[in-house]
Amino acid sequence: MRPMTECERTFAEENHSLVYRFLSANGLSEDAYYDIVIFGYLQAVQEYCANKDTQKYQFSTVAWRKMDCAIKDHRRYQESKKRSACTVSIHDP
C-alpha cells in the first residue's frame with residue numbers, strides 16, 4: 001500500500017461504516033479482527049479511486065470482497081504448517 005491521497009482519505013472516512021457492517025455480518029469480534037479487515041478495506045479504497053474499471057461496481061461490493069480476502073489470508077496464515085508444527089525444547093531429555 002502507498003500513502004493515501006486526500007480524496008482517498010475522505011472517501012474512506014465516508015464509507016468506514018462498511019468495516020463494522022462486515023464484521024457484524026460475519027460474526028467477527030471487532031477487537032480481534034478490525035486490524036486485519038481494515039487493510040483490505042483501505043486497499044479497496046485505493047483500488048476503487050484509482051481504477052475506473054472497478055468503479056462500474058458498487059464500492060461496497062469491492063470493499064466486501066477485499067475484506068473477505070484479508071480474513072481468508074489471515075486464516076490461511078494462522079493454519080499453515082509452520083504455525084501448527086510440534087515444537088521441542090532443547091532442554092527436554
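Our subject is the structure that appears above.
Residues numbered from 1 in each chain as written. Predicted model: local features only at pLDDT ≥ 70, side-chain atom pairs only at ≥ 80, totals over all residues. Heavy atoms only, no water.

Some remarks on the packing of aromatic side chains
Taken as a whole, this structure holds 6 aromatic pairs when the rule is applied. Arranged with centres 5.6 Å apart and planes meeting at 15°, the rings of Phe11 and Tyr48 form a pair that is stacked. Within this pair, whereas Phe11 is found in helix α1 (residues 6-14), its partner Tyr48 is found in helix α3 (residues 30-50), the two being separated by 37 residues in sequence. With 5.9 Å between their ring centres and 25° between their planes, Tyr20 and Tyr34 make a pair best called stacked. Of this pair, Tyr20 sits in helix α2 (residues 17-25) while Tyr34 sits in helix α3; the two residues are 14 residues apart in sequence, bridging distant segments of the chain. By relative accessible area, Tyr20 is classed as partly exposed at 34%. Ring-pair connections join several aromatic residues into one group, and the members of that group are Phe11, Tyr41, Tyr48 and Phe59. (Phe/Tyr/Trp six-rings, centres within 6.5 Å; stacked < 30°, edge-to-face > 60°. Helix = DSSP H or I, 4+ residues; strand = E, 2+ residues; numbered from the N terminus. Buried < 20%, exposed > 50% of the residue type's maximum accessible area, 1.4 Å probe, protein only.)

Description of α1
Within α1, burial applies to Glu8, Phe11 and Ala12. Seen end-on, α1 carries its buried residues on one side only, within an arc spanning 100°. Relative to its buried face, α1 has exposed residues pointing more than 90 degrees away, namely Glu6, Glu13 and Glu14. In the core, the buried residues of α1 are packed alongside α3 and α4 (59-78). (Arc of directions from axis to C-beta. Contact = heavy atoms within 4.5 Å.)

Here's the deal with the nonpolar core
Counting 22 residues, the largest nonpolar core has Val19, Val37, Tyr41, Val45, Phe59, Ala63 and Met67 as the members making the most contacts within it. It is α3 that provides the largest number of residues to this core, a total of 8 residues. Apart from residues no more than four positions distant in its own chain, Phe59 is found in contact with Phe11, Asn15, Leu18, Tyr41, Ala44, Val45 and Tyr48. (Core = buried A, V, L, I, M, F, W, Y, C linked by side-chain atoms within 4.5 Å.)

Considering the pattern of salt bridges
All told, the structure shown has 5 salt bridges when counted by the stated rule. One salt bridge connects Glu8 with Arg2, and the closest N-O pair in it is separated by 2.7 Å. (Salt bridge = Lys/Arg side-chain N within 4 Å of Asp/Glu carboxyl O.)

Looking at the packing of α2 against α3
Between α2 and α3, whose axes approach to 10 Å, the crossing angle comes to 130°. Our classification of the angle between α2 and α3 gives oblique. Two packed elements cross with a definite hand, and for α2 against α3 that hand is right-handed. Only Glu30, Tyr33, Tyr34, Val37, Ile38 and Tyr41 of α3 make contact with α2, whose side of the interface consists of Leu18, Val19, Tyr20, Phe22 and Leu23. (Axes fitted to C-alpha atoms, helices over the stretch in contact; angles between N-to-C directions. Parallel < 35°, antiparallel > 145°, perpendicular 65-115°, else oblique. Left-handed = near helix turned anticlockwise from the far one by under 90°.)

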